[in-house]
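Structural characterization, general
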Amino acid sequence: MRLRDLPSVDHLLQHKAALSLIALFGRPLTVQAIRENLDILRSTAHYDQPAPNAEQVLNQAESILNSWLSPTLIPVINATGVIIHTNLGRAPLSHASRKAMSDLSVGYSTLEYDIERGKRGKRETHPAALLCRLTNAEAALVVNNNAAAILLALTALAKRKEVLISRSQLIEIGGGFRIPEVMRQSGAKLVEVGTTNRTHLHDFEQAISPRTKLILCAHHSNFKIVGYTSEPSPAELVALGRRHTIPVINDLGSGALLDTAAFGLAHEPTVQESLRAGFSLVAFSGDKLLGGPQAGILLGNKAIIDRLRRHPLARAVRPDKLCLAALAATLRHYLKDEALQTIPIWQMIAVPEEILKARAEVWRSTTCHGEIVSGRSTIGGGSLPDETLPTWLLALPASHPNALAAQLRRGHPPIIARIEKKHVILDPRTVLPEQDELLISQLKKMAALG
Ligand SMILES: *Cc1c(COP(=O)(O)O)cnc(C)c1O
C-alpha cells in the first residue's frame, strides 16, 4: 500500500458514515479518532496490502471511539457470595436510598439552605439528627469515608503530639489504609504500646506523657489474633483516658448497628455498644455493615466533634449531597426497624437458607446446567474474618473453569463468580433477587453454546 492512497481526513469527513459518527460522538472527537486511526495505518502500512477504503477507515475509527467512550464503571452481578465486596463497590443501596439520590440529583436542594429562615444552612445537619437519634450519640459528623474520618480526628486532635495505640492494632485494611501511614499524614506521632500479641492497661498508663493527646483503638477488621493474647477492654481504656483527660477514639471499621450474632455469626462490636462504653469518638464506614453509601461517620462528644467540624481538613473531606441523601434514607430504615427487610446487605445476611436453595434450584432447572451443592458465603469488607454463613450454590462443572468464569465476566451485565475444584460456583446470596432473570438468561445462552 502507498501511504498517499490513504483517504485524507477532509475526504473522510464528507463520507456518509462520518456524518453518523459525528452525530453520535461529536465532531472534535470523531476527527481525533480518524486522525489516530490514520496514524496507526501509516505506521503499520505494508507494501503488499492494499490501502483500506474510506468505509473501512471509518469503521475502525468507530471502534476507537467506542473504546474511548464506553463506560468502564458499570453494574455487575455479584455471584461470589462475598456480601461486602470492596472490589465490587461494597454495599448495594436500598430502594429508598436509590430514590433519594435520584430525586435529589435532578435539581437544586436544601443542601446548605435553611428553608424556615430563608438563609444559609448547614450541610452537616442532614444526617446528624438521624444518627444521634439512632445511636444516642451527643453529636455526629459525616465525611467522605472512614479513612478520612480517622485522618481528620488525628490531625485535629493530635497534630505534632502523641497518639497511643496498641502494637496489636497497627492494622492495614485493603486498599492501602494503614494506621501508621495515616498517622504520619496527620502529623501525629505514633506511640506503639505493648507487644503484637499482648498489651496491658499498664503499658498504656506508662506510655502516657504530657504530649499524649489521643488514645486510638482500631478494630481488627480483617484478621484475628489467637492464642496467648490480651488487650485492655474498651471500658478500661475509656477509664484510663478519663483519669488523664485524654480522649479515646474507637475506629470500628464496619460500623454494625445490628447484632451480627443474631444470624449465627460472631458478634461484631456495634456502634451503640462503643458509645455506651464511653469512647469520646467512634468512627466507621457508611458502606460496610451499615449498608449505605461510601461515607465516614464520626459520633461522640459534642465539643470534640465541633473541633473536627471546624478544622480546615473537614472541608476537604466533606461528603457530597447524593451521599448525604442516600445515607439519611439508609438511617431511616434502622429508625423504622425495617433494616432487615429493606437494606440489601442485611437482607443477604438474614435470608433463610431454604430460600437460597430454592433460588439455586430455579437457576439450575431453567438452565439445565450444573448441580446444587452446599457451601459458605462470607461477609467481606474487612468485617468478621473467618465467619461464614451456610448457603446453597450452583456449581458448574468445567474442564477449563477459568475460561468459563471469563466468559461469564464478558456478559451484559458481567457475572462475577468464583472457582472451586474445577467448578465455577455461583452463590445466590449476593445476587439481588431482581437480577435472577438476567442471570438465568445469560446462563441459558452459555448452556446453548455448550
Ligand atoms: C474499612 C476500615 C477503614 C477504612 O474505611 P473506609 O470507609 O474504607 O475509608 C478504617 N479502619 C478500619 C478498622 C476499617 O475496617
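Residues numbered from 1 in each chain as written. Predicted model: local features only at pLDDT ≥ 70, side-chain atom pairs only at ≥ 80, totals over all residues. Heavy atoms only, no water.

Along the chain, the position of glycine 278 falls in the loop between α11 (271–276) and β12 (281–285). Along the backbone, glycine 278 and alanine 239 are 39 residues apart, and their C-alpha atoms lie at a distance of 8.4 Å. Setting aside chain neighbours within four positions, we find glycine 278 in contact with Val238 and Arg242. (Helix = DSSP H or I, 4+ residues; strand = E, 2+ residues; numbered from the N terminus. Contact = heavy atoms within 4.5 Å.)

A separate point is the site of the ligand. Contacts to the ligand come from 13 residues, most closely from Ala147, Ser221, Asp251, Ser285 and Lys288. At 3.0 Å from an oxygen atom of the ligand is found a main-chain nitrogen or oxygen belonging to asparagine 146. One of the side-chain nitrogen or oxygen atoms of lysine 288 is found 2.7 Å away from an oxygen atom of the ligand. Protein chains shield 95% of the accessible area of the ligand, which is 380 Å² for the free molecule. The set of elements that each furnish at least two residues to the shell around the ligand consists of α7 (146–158) and β11 (248–253). Class assignment for the residues of the shell around the ligand results in 4 nonpolar, 6 polar and 3 charged. (Near = heavy atom within 4 Å. Polar contact = N/O pair within 3.5 Å; in protein donor to acceptor, adjacent residues only side chain to side chain. Areas by Shrake-Rupley, 256 points an atom, 1.4 Å probe, with all protein chains shown as cover. Nonpolar A, V, L, I, M, F, W, Y, C, P; charged D, E, K, R; others polar.)

Another aspect to go through is unusual backbone geometry. Excluding glycine, a negative phi dihedral is what most residues carry, and trans is how most peptide bonds are arranged. Proline 413 follows histidine 412 through a cis peptide bond whose omega is -5 degrees. Structurally, proline 413 can be placed in the loop between α18 (401–409) and β16 (415–416). At aspartate 337, a position not held by glycine, the phi torsion is positive, near 55 degrees. Following the sequence through the fold, aspartate 337 ends up in the loop between α14 (321–335) and α15 (339–342). Positive phi outside glycine occurs at lysine 421, with the angle close to 45 degrees. Mapped onto the secondary structure, lysine 421 falls in the loop between β17 (418–420) and β18 (423–426). In this structure lysine 421 comes out as exposed when scored by relative accessible area, which is 80%. (Buried < 20%, exposed > 50% of the residue type's maximum accessible area, 1.4 Å probe, protein only.)

Right, let's talk about the domain arrangement of the protein chain for a bit. Its domain assignment divides the protein chain into domain 1 (3–69), domain 2 (77–85 + 345–449) and domain 3 (93–339). The C-alpha centroid of domain 3 is placed 53 Å from the C-alpha centroid of domain 1. (Domains from an automatic or database assignment.)

Attention now goes to the sheet that holds β18. Across a sheet, strands are paired by hydrogen bonds formed along the backbone, either parallel or antiparallel in direction. As summarised here, the arrangement of the 5 strands in space is β2-β14-β15-β18-β17, forming an open sheet in which the pairing is mixed. The open sheet has two free edges, formed respectively by β2 (82–84) and β17, since each of these has just one partner strand. Looking at each pair of strands side by side, their axes are set apart by 40 degrees on average, direction ignored. Both β17 and β18 contribute to a ladder of 3 bridges, which runs antiparallel. Within β18, the residue paired with arginine 418 across the bridge is isoleucine 425. The strands that α18 touches are β15 (388–397), β17 and β18; relative to β18, the one it contacts most, it runs at about 35 degrees. (Pairing = 2+ DSSP bridges. Axes fitted to C-alpha atoms, helices over the stretch in contact; angles between N-to-C directions.)

Following the criterion strictly, the structure yields 1 aromatic pair and no others. With 5.9 Å between their ring centres and 50 degrees between their planes, phenylalanine 263 and tryptophan 346 make a pair best called tilted. Within this pair, whereas phenylalanine 263 is found in the loop between β11 and α11, its partner tryptophan 346 is found in helix α16 (residues 344–350), the two being separated by 83 residues in sequence. Cation over ring: arginine 198 sits above tyrosine 228, and NZ or CZ is 3.9 Å from the ring centre. The ring centre of tryptophan 392 lies 4.1 Å from the NZ or CZ of lysine 357, which sits over that ring. (Phe/Tyr/Trp six-rings, centres within 6.5 Å; stacked < 30°, edge-to-face > 60°. Lys NZ or Arg CZ within 6 Å of the ring centre and 35° of its normal.)

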